[in-house]
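# Overview (structure and organization)
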Amino acid sequence: MTRILLYSTVPVVSKGFAVLLSAVPEFDLVSVCSDERQLCQGIAAAAPDLAIIDLDDETPLDRLFELQRAISAPARIVLWVQSISPELAYQAMRQGVRGILRKSLGGDVIVRCLQKVAAGESWFEEELTASFATIRTVKLTQRESQLLDLVSRGFKNKEIASELMIAEPTVKVYLSHLFRKVGAKDRLELALYGLRNVITGQVRVVGRGRTASPDAPGGRAPALVPEDSGRRARTNPQPVALRSIA
């Protein structure tokens, strides 16, 4: 019997999952949580094998990791999302998430995913894993990392100059270089990338061999992902399960 905990702030989602899981003899929905306090209590009391996390579209990385920290081993985590960016998916996987399910998928796919994860495998769709395969390394200087951090925190050029003790025109030069290096088309996009990621001396950029141009036909600005010396995620030609990557 696989013991399952569900975390969702939407009551109808919890009820829908309860109905779906009740039809599978091997699943036992032992706890349903609607806030973090309940999540911590449910994990401690129920000791689930799987934890399904209903993730909002705007959930930042630090918020996701807070939820992950609240879920102690051996519970395996599966994210249920409307959509997810490649950088957030990559980060989540590197942090131990075992599966990512889109909300548009049918009940049979959800059940199959949970069965695979319960058996010790991982489940990531081909569209996501294909984006991982195109990751290349881009190094940021210490100054560029500082700049990205301050832009992400909403600092204006004058404030950045004061904080870093450099001239305001120098800030503009650094920003110009940073835009080109990561492929961000404006300050807001740059800030969003910074907010979604832990700022380190090195980052990864999701692109096809070079920095993608957001203005190119069919293009999108590359996504920042913290540099990691570990191996890349493997891809699977089927949009179903990958073997355990942890």
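Residues numbered from 1 in each chain as written. Predicted model: local features only at pLDDT ≥ 70, side-chain atom pairs only at ≥ 80, totals over all residues. Heavy atoms only, no water.

### A look at the overall build of the protein chain
Keep this limit in mind: By the criteria applied, helices consist of DSSP H or I runs no shorter than four residues and strands consist of E runs no shorter than two, each listed in order from the N terminus. With a 1.4 Å probe rolled over the protein chains alone, any residue whose accessible area is under 20% of its type maximum counts as buried; one over 50% counts as exposed, and the rest are partly exposed. Whether two residues are in contact is decided by their heavy atoms: any pair within 4.5 Å suffices. Residue burial considers only the protein chains on display, and all accessible areas are found by Shrake-Rupley using a 1.4 Å probe.
A tally of regular secondary structure across the protein chain gives ten helices and ten strands. Here the protein chain, with 246 residues, has 46% of them falling under the buried criterion. Considering only intrachain contacts with a sequence separation of at least 6, the fraction spanning at least 24 residues in the protein chain is 70%. Within the structure as shown, the protein chain displays about 12,200 Å² of accessible surface, and the carbon and sulfur contribution to it stands at 52%.

### Observations regarding the packing of helix α1 (residues 11-22) against helix α5 (residues 107-118)
Selection criterion: Here an axis means a line fitted to C-alpha atoms, over the contact stretch when the element is a helix, while the angle between two N-to-C directions is reported on a 0 to 180 degree scale. Orientation is classified from the angle alone, with under 35 degrees giving roughly parallel, over 145 giving roughly antiparallel, 65 to 115 giving roughly perpendicular, and any other angle giving oblique. Under the scheme applied here, ten amino acids are nonpolar (Ala, Val, Leu, Ile, Met, Phe, Trp, Tyr, Cys and Pro), four are charged (Asp, Glu, Lys and Arg), and all others, including Gly, are polar.
Contact geometry of α1 with α5 gives a least axis separation of 11 Å together with a crossing angle of 70°. Relative to α5, the element α1 lies roughly perpendicular. Listed contacts from α5 to Phe17, Leu20 and Leu21 of α1 are Gly107, Ile110, Val111 and Leu114. The residue inventory of the contact of α1 with α5, partitioned by class, reads six nonpolar, one polar and no charged.

### A look at the pattern of salt bridges
Stated formally: Within this document, salt bridges are pairs made up of a side-chain nitrogen of Lys or Arg and a carboxyl oxygen of Asp or Glu, the two lying within 4 Å of each other.
Inspection of every chain in the model, using the stated rule, returns four salt bridges. Ionic pairing is found between arginine 102 and glutamate 125, a salt bridge with its closest N-O pair at 2.8 Å. One end of the pair, arginine 102, is in strand β5 (residues 99-102); the other, glutamate 125, is in the loop between β6 (122-123) and α6 (126-133), and 23 residues separate them in sequence. Owing to a relative accessible area of 13%, glutamate 125 belongs among the buried residues under this scheme. Salt-bridge contacts for lysine 181 lead to glutamate 144; the nearest nitrogen and oxygen are separated by 2.9 Å. Within this pair, whereas lysine 181 is found in helix α9 (residues 168-182), its partner glutamate 144 is found in helix α7 (residues 142-152), the two being separated by 37 residues in sequence. Residue class for lysine 181 comes out partly exposed when judged on its relative accessible area of 24%.

### Brief notes about the pairing of strand β2 (residues 27-33)
Stated precisely, the cut-off is as follows: We treat two strands as partners when DSSP finds at least two bridges between them.
As defined by bridge partners, strand β1 (residues 2-7) adjoins β2 across six bridges and the pair is classed as parallel. Bridging across to β2, leucine 6 finds its partner in valine 32.

### What to know about the packing of α7 against α9
Each pair of packed helices gets described by two things: the angle between the helix axes and the distance between those axes. The contact between α7 and α9 brings their axes to 10 Å, and the two run at 90°. What the angle tells us is that α7 and α9 run roughly perpendicular. In contact with Arg143, Glu144, Leu147, Leu148 and Val151 of α7, α9 contributes Val171, Tyr174, Leu175, Leu178 and Lys181. Of the residues contributing to the contact of α7 with α9, the split by class is seven nonpolar, no polar and three charged.

### Some points on helix α8 (residues 157-164)
The following threshold applies: For this quantity, the arc is that covered by the directions from the helix axis to the C-beta atoms.
Within the sequence span of α8, burial applies to Asn157, Ile160, Ala161 and Leu164. Projected down its long axis, α8 carries its buried residues within an arc of 100°, all on one side. Looking at α8, the residues exposed on the side facing more than 90 degrees away from the buried face are Lys158 and Ser162. A positive phi of about 60° marks methionine 165, the residue just after α8.

### Thoughts on the nonpolar core
Cut-off, in case you're wondering: Definition used in this section: a nonpolar core is a set of buried Ala, Val, Leu, Ile, Met, Phe, Trp, Tyr and Cys residues joined via side-chain atoms within 4.5 Å.
Leu39, Ile53, Ile71, Leu79, Ile84 and Ile100 are the most contacted members of the largest nonpolar core, which totals 25 residues. Mapped onto this core, the elements with two or more residues apiece are β1, α2 (36-46), β3 (50-55), α3 (61-70), β4 (76-81) and α4 (86-94). In terms of residue count, α4 provides more of this core than any other element does, five residues in total. Among the nonpolar cores identified, the runner-up in size contains 20 residues, and Ile52, Leu101, Cys113 and Val117 belong to it.

### Looking at the pairing of β1
Convention followed: For crossovers, right-handed means that the path from the first strand over the helix to the second runs clockwise, given strands pointing away from the viewer.
Counting buried positions over the six residues of β1 gives five, a clear majority of the element. Following the backbone out of β1, through α1 and into the adjacent parallel β2, one traces a crossover that is right-handed. Where β1 and β3 come together, four bridges link them in parallel fashion. The residue bridging leucine 5 from the neighbouring strand is alanine 51, located in β3.

### Concerning the confidence of the model for the protein chain
The condition is simple: For every residue, the predictor reports its confidence as pLDDT, a number between 0 and 100.
Residues of the protein chain with pLDDT of at least 70 account for 70%, and the chain-wide mean is 75. Residue range residues 198-246 is modelled with pLDDT below 50. Its contacts to residues more than four positions away, or to other chains, number 139 contacts.

### Focus: unusual backbone geometry
Phi at alanine 47 takes a positive value of approximately 45°, unusual for a residue other than glycine. Counting through the fold element by element, alanine 47 comes out in the loop between α2 and β3. Although it is not a glycine, methionine 165 adopts a positive phi angle of roughly 60°.

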